[in-house]
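The chain contents come next:
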Amino acid sequence: MPVLHVPHVPHACRRAGLVLLAAAALYAVPAPPAYGASADEPGWTAEPAAGQAVARTGDRPFFTRPFFTRPFFYMAGTAGTVLEDRLALANTTDQEHTVTLRGADAYNTADGAFAVRPAAGSTGAGAWISFGSGTTVRIPPRTRAVVPFTVTVPPSSPPGDHPAAVVATEAGREVGVRVHLRVGGPALAALTVEDVAVRGRGAAAVVAYTLVNRGNVALTPELSLRAEGRLGDVPGRAARALPVELLPGQRVELTEPWPGAPVLDQVRVTVTVTAPGGARAEGSASAWFLPWRAAGWTGLGLLALGGTTSAALFLVRGRRTRREPPGGERPGETPGRPGPTPAPEHELTGASR
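Predicted model, so just to flag it, every value in this text is computed and none were measured.

**A few points about the overall build of the protein chain**
- Across its full length, the protein chain holds three helices and 21 strands.
- Looking at the protein chain residue by residue over its 353 residues, the buried ones come to 36%.
- A fraction of 70% describes how many contacts in the protein chain between residues 6 or more apart in sequence connect residues 24 or more apart.
- Total accessible area on the protein chain stands at roughly 20,100 Å², and carbon and sulfur atoms take up 58% of it.

**Some remarks on the nonpolar core**
- Counting 31 residues, the largest nonpolar core has Leu-191, Val-193, Tyr-209, Leu-211, Trp-258 and Val-271 as its most contacted members.
- Of all the secondary structure elements, the ones that give two or more residues to this core are β15 (191-199), β16 (206-213), β17 (222-229), β19 (251-257), β20 (265-275) and β21 (279-289).
- Apart from the residues within four sequence positions on either side, Val-193 is in contact with Tyr-209, Thr-210, Leu-211, Val-271, Val-273, Ala-281, Glu-282 and Gly-283.
- In this structure, Phe-73, Leu-83, Leu-87 and Val-179 belong to the second largest nonpolar core, which totals 27 residues.

**Digging into the pattern of salt bridges**
- Scanning all chains against the criterion turns up 13 salt bridges.
- Between Asp-94 and Arg-142 there is a salt bridge, and its shortest N-O distance comes to 2.9 Å. Taken together, the residues span a long stretch of sequence, with Asp-94 in the loop between β6 (82-91) and β7 (97-108) and Arg-142 in the loop between β10 (136-139) and β11 (143-152) at a distance of 48 residues.
- Its relative accessible area of 59% is what places Asp-94 among the exposed residues.
- We note a salt bridge from Arg-178 to Glu-245, for which the minimum N-O separation is 3.0 Å. Taken together, the residues span a long stretch of sequence, with Arg-178 in strand β14 (residues 173-183) and Glu-245 in the loop between β18 (233-241) and β19 at a distance of 67 residues.
- The exposure class assigned to Arg-178 is buried, which follows from its relative accessible area of 15%.
- Counted as one network, the salt bridges with shared partners bring together Glu-194, Arg-214 and Arg-251.

**With respect to the side chain of Thr-92**
- By secondary structure assignment, the location of Thr-92 is in the loop between β6 and β7.
- We classify Thr-92 as buried; its relative accessible area is 15%.
- From its side chain, Thr-92 meets the backbone oxygen of Gly-43 in a polar contact 3.0 Å long.

**Quick word on the packing of aromatic side chains**
- Scanning the model with the defined rule gives four aromatic pairs in all.
- Taking the centre distance of 5.0 Å and the plane angle of 80 degrees together, the rings of Phe-73 and Phe-149 count as edge-to-face. Here Phe-149 lies in strand β11 and Phe-73 lies in strand β5 (residues 73-77), a separation of 76 residues in the sequence.
- Owing to a relative accessible area of 0%, Phe-73 belongs among the buried residues under this scheme.
- Both rings, one in Phe-131 and one in Phe-149, keep their centres 6.0 Å apart while their planes meet at 50 degrees; by these two values the pair is tilted.

**Comments concerning the sheet that holds β21**
- Across the sheet, which stays open at both edges, the four strands sit in the order β18-β17-β20-β21 with antiparallel pairing between neighbours. Because the sheet does not close on itself, it has two edges, and the strands there are β18 and β21. Across the sheet, the mean angle separating the axes of adjacent strands is 15 degrees when strand polarity is ignored.
- Sheet analysis places β17 next to β20, joined by eight bridges and oriented antiparallel. Its bridge partner lying in β20, Ser-224 is registered against Thr-272.

**As for the sheet that holds β15**
- Spatial ordering of the open sheet is given by β15-β16-β19, a layout of three strands whose pairing is antiparallel. On the outer flanks of this sheet lie β15 and β19, each paired with one strand and no other. Pairwise comparison of adjacent strand axes, ignoring direction, gives a mean angle of 20 degrees for this sheet.
- When β15 meets β16, the two strands line up antiparallel, connected through seven bridges. Residue Arg-199 lies in a different strand from β16, and its bridge partner there is Val-206.

**Here we look at the confidence of the model for the protein chain**
- Model confidence for the protein chain is summarised by a mean pLDDT of 77, while 66% of its residues fall at 70 or above.
- The lowest-confidence element of the protein chain is helix α1 (residues 11-23), averaging 38 in pLDDT; the highest-confidence one is strand β12 (residues 160-161), averaging 98.
- pLDDT under 50 marks residues 308-324. Its contacts with residues more than four places away, or in other chains, come to one contact.
- Contacts for the low-pLDDT stretch residues 341-353, under 50 throughout, to residues beyond four places or in other chains number six contacts.

**Thoughts on unusual backbone geometry**
- A positive phi angle, close to 50 degrees, is found at Arg-142, a residue other than glycine.
- Arg-142 gets classed as partly exposed once you look at its relative accessible area, which sits at 33%.
- A positive phi is found at Asp-195, a non-glycine position, where the angle reads about 55 degrees.
- With respect to the element layout, Asp-195 can be found in strand β15.

Calculation notes
- Residues numbered from 1 in each chain as written.
- Predicted model: local features only at pLDDT ≥ 70, side-chain atom pairs only at ≥ 80, totals over all residues.
- Heavy atoms only, no water.
- Helix = DSSP H or I, 4+ residues; strand = E, 2+ residues; numbered from the N terminus.
- Buried < 20%, exposed > 50% of the residue type's maximum accessible area, 1.4 Å probe, protein only.
- Contact = heavy atoms within 4.5 Å.
- Areas by Shrake-Rupley, 256 points an atom, 1.4 Å probe, with all protein chains shown as cover.
- Core = buried A, V, L, I, M, F, W, Y, C linked by side-chain atoms within 4.5 Å.
- Salt bridge = Lys/Arg side-chain N within 4 Å of Asp/Glu carboxyl O.
- Polar contact = N/O pair within 3.5 Å; in protein donor to acceptor, adjacent residues only side chain to side chain.
- Phe/Tyr/Trp six-rings, centres within 6.5 Å; stacked < 30°, edge-to-face > 60°.
- Pairing = 2+ DSSP bridges.
- Axes fitted to C-alpha atoms, helices over the stretch in contact; angles between N-to-C directions.
- pLDDT = per-residue confidence, 0-100.

What follows is the structure in structure tokens.
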């Protein structure tokens, strides 16, 4: 692993190492030529320095790695250790640039993207990063500057991943380089699937859900959909890798396309998410699928049926009211004298016996 790892050493040795680090804080070499940088680019780049990666015990290296390039910083150590690496800044223009450096905590945005905290908002691994030569670097034209930095892991740091970044800034433009930092100890991969819901219909249907990393390591999850209908088989979605790295303690809200949604059925959808390390979780939701045209005709039919029934009841009540004369006396009956006993009602209405 391309890691510069400094185990815990006595304070005197650590001070000696930091003195050497400050002495070699910045050196410059010719920068590679620029290849048509666009107007909105800052004119300089930031990336992990390529070359000999050195891990140190005190001020003596105990292993080196050959020349290599890296997309990120990969660092690992136990709580209470000091780790070191180098950032390369390349000025690709004919003008001098002054860049400000800082460490920053990393987190997931609501849709799962990788982002960093502002300068005053970092209280985790971003605050452990320091630059021996200071945070301001002047890069001459067509020059590549290499800046060492250290990550001091506090003795009380919990085990697991502590995502961070080294951020270079000039005139409001920022370039961040990820720092994958793992503190030694038990690793726990755990997650939950929450707030599952089905939205839309037909080929535009999607399943919305929330993923929460409940462990202490970053996760690269895979998702599958299973659907159970009342009227027959309903296709789900085979397992696929999600385009997100879920950082420890983070919550993201995602949607999964579901082109196999039925036209007419009641379906229970189950979202299953797995990740390396044994993490697995499920969440479910039920949804009705009805054709809009059929639902509209059904509603009109129910309204028409309700209107016809009300009209019939009104006519029957009207006929019965007109049979009785004013005053409430029945036919053949005089006031004060009872009339003949009426026949059963089924005979009055002409019903057969």
